[in-house]
Amino acid sequence: MRKFILAAAWLSMIFILGLTLSAQEAMKNPIPERVQNSLDGLQKTRMANGVFNIQYKNTYFWALEKAVYVNLVFSADLEGDMAELKSQLKKQYDEKVAVEVKKLEEINKKIRKEEDKKKWEPPALIYPEAFHNLYMRVLMGGQAVQEYRAQVPVDGEAAMYYSFGTILAPGEYDVLLNINRFDNTRDGTQIIKLQVPELTLTEITKPRKDLQISTPIFFTEVKRLLQPETRFTVVKNKYENGPAQLDFYPCSNSFKTSDKPTLAFFILGAVAVQSAEPWDISANIEIRSGRERVAKFEELKLSNPYFYQPIEFIKKDKDVTGPLTVGDYTLVVELKDKNQGDQAKGVFEIAFKIVE
């Protein structure tokens, strides 16, 4: 079922999102003068200011009809700053409450009867919905092509990283980031060089005898959103394809034997034909330890060029089964495009580790 959902989501996205880029660009929010100055300075000097230690982590790409959905992942030291802001707000709150209490005490000194004395309950201390806003400016050839902002999420979970998604045509970009305090008292900047690959529907379906794949990604989980999210949004400890209603939880290539991650990538070079199932791709998967084959799985039939399969770390060859032992392994995936008479093929090796 998960495989069907992901395939259906991609097939619908390539037509829907390919048409919404201009609409996204029109949805711009006003930028505070402080942030505007910081972004302009970053664009001119290409020197980040180091505040909040904003660091680039990774980028994930999702194929569309004429563009690419880009998820950029970054880290930032915001939790200590948020604690400082909370402390400041609590101090200001306590000072205001103390002033009001003192006023009340002075009033009640003049009232003899206890039942006539004034009573007052301080209002609850309410923190802002978000303590930081992220501002993003995308440059191509030195010219701004996108500019968005969104709140940085706050919850009880520690932040390993943050991410946001946007739509870009293949090419080279500079992504300027600014994280600003909600009260405009401090902001941090970073500039990221971004190369968006030729991962469009046109490129994917261009016939190739030597099939290619996009960068393979392992996921611990993929969750379905209740409704589409079409706004520019920052999320935490995942990346989100909001219009496709999907949350992705990527992981490293180190696993326990009990893990069952999902491997995903796009296949480039397989052609579509006019039929109920336009694509006819086969995939043979093996696990090797050095040159030794320790597992071979049944051939898979793929009905679209998005490979999305759970992986089990077991020995499965010559009637021998059991968990893989700790060590380094290679996942070998052989792909063939049957619409090209098995003449179009490719073999791909993906390294991973079993750590316990």
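Residues numbered from 1 in each chain as written. Predicted model: local features only at pLDDT ≥ 70, side-chain atom pairs only at ≥ 80, totals over all residues. Heavy atoms only, no water.

Student: Tell me about the overall build of the chain, and name the residues and values.
Tutor: Within the chain, the regular secondary structure consists of five helices and 22 strands. For 356 residues, the compact-globule estimate of 2.2 N^0.38 gives 21 Å, and the C-alpha radius of gyration of the chain, at 27 Å, exceeds that figure by more than 25%. With the C-alpha coordinates aligned to their principal axes, the bounding extent of the chain is approximately 100 × 50 × 40 Å. Among the 356 residues that make up the chain, the fraction classed as buried is 44%. Taking as baseline every contact in the chain between residues at least 6 positions apart, the subset at least 24 positions apart corresponds to 71%. (Helix = DSSP H or I, 4+ residues; strand = E, 2+ residues; numbered from the N terminus. Rg over C-alpha atoms; globule rule 2.2 N^0.38 Å. Buried < 20%, exposed > 50% of the residue type's maximum accessible area, 1.4 Å probe, protein only. Contact = heavy atoms within 4.5 Å.)

Student: A description of helix 4 (residues 79-109) should follow, citing residues and the corresponding values.
Tutor: Residues spaced three or four apart along an α-helix face the same direction, because each turn holds 3.6 residues. Given a rise of 1.5 Å per residue, 31 residues ought to cover 45 Å, and the 45 Å separating the end C-alpha atoms of helix 4 matches this to within 8%. Those residues of helix 4 that fall on the buried side of the exposure criterion are Asp81, Met82, Leu85, Val97, Leu104 and Asn108. Those residues of helix 4 that are buried lie in contact with strand 3 (132-140) and strand 6 (171-181). (Expected span 1.5 Å × (residues − 1).)

Student: Now, about the packing of aromatic side chains: what can you tell me, with residues and values included?
Tutor: Two numbers describe a pair of aromatic rings. These are the distance of the centres and the angle of the planes. Within this structure, the stated rule accounts for 21 aromatic pairs. Here the aromatic rings of Tyr239 and Phe248 are separated by 5.0 Å at their centres, their planes lie at 15 degrees, and the arrangement is stacked. Aromatic ring contacts, followed pair by pair, group Tyr60, Trp62, Phe219, Tyr239, Phe248, Phe266, Tyr306 and Tyr308 into a single cluster. The positively charged end of Lys86 is found above the aromatic ring belonging to Tyr127, 5.5 Å away from the centroid. (Phe/Tyr/Trp six-rings, centres within 6.5 Å; stacked < 30°, edge-to-face > 60°. Lys NZ or Arg CZ within 6 Å of the ring centre and 35° of its normal.)

Student: Please give an account of the sheet that holds strand 2 (residues 68-75) that cites residues and values.
Tutor: The strand order across the open sheet built from four strands is 1-2-5-10, with neighbouring strands paired in antiparallel fashion. Since the sheet does not close on itself, it has two edges, and those belong to strand 1 (55-63) and strand 10 (234-236), each with one partner. Averaged over all pairs of adjacent strands, the angle between strand axes in this sheet comes to 25 degrees, irrespective of strand direction. Bridge analysis of strand 1 against strand 2 gives eight bridges, and the strand direction is antiparallel. Counted as the bridge partner of Tyr56 is Phe74 from strand 2. (Pairing = 2+ DSSP bridges. Axes fitted to C-alpha atoms, helices over the stretch in contact; angles between N-to-C directions.)

Student: Break down the nonpolar core for me, with residues and values.
Tutor: Of all hydrophobic cores here, the largest spans 49 residues; its most connected members are Phe74, Leu134, Met136, Phe164, Val175 and Leu177. With six residues, strand 2 is the largest single contributor of residues to this core. Listed in part, the 30 residues of the second largest apolar core include Ile311, Phe313, Tyr329 and Ile354. (Core = buried A, V, L, I, M, F, W, Y, C linked by side-chain atoms within 4.5 Å.)

Student: Mind laying out helix 3 (residues 33-45), listing which residues take part and the relevant values?
Tutor: With 13 residues, helix 3 should reach 18 Å at 1.5 Å per residue; the first-to-last C-alpha distance of 18 Å fits that figure. Just downstream of helix 3 lies Arg46, where phi reads positive at about 60 degrees.

Student: Outline the pairing of strand 6, listing residues and values.
Tutor: Where burial is concerned, most of strand 6 is hidden: 10 out of the 11 residues are buried. Across eight bridges, strand 3 lies against strand 6 in antiparallel orientation. Bridged to Asn133 within strand 6 is Asn180. As paired elements, strand 6 and strand 7 (residues 187-196) share 10 bridges and run antiparallel to each other. Its bridge partner lying in strand 7, Glu172 is registered against Gln195.

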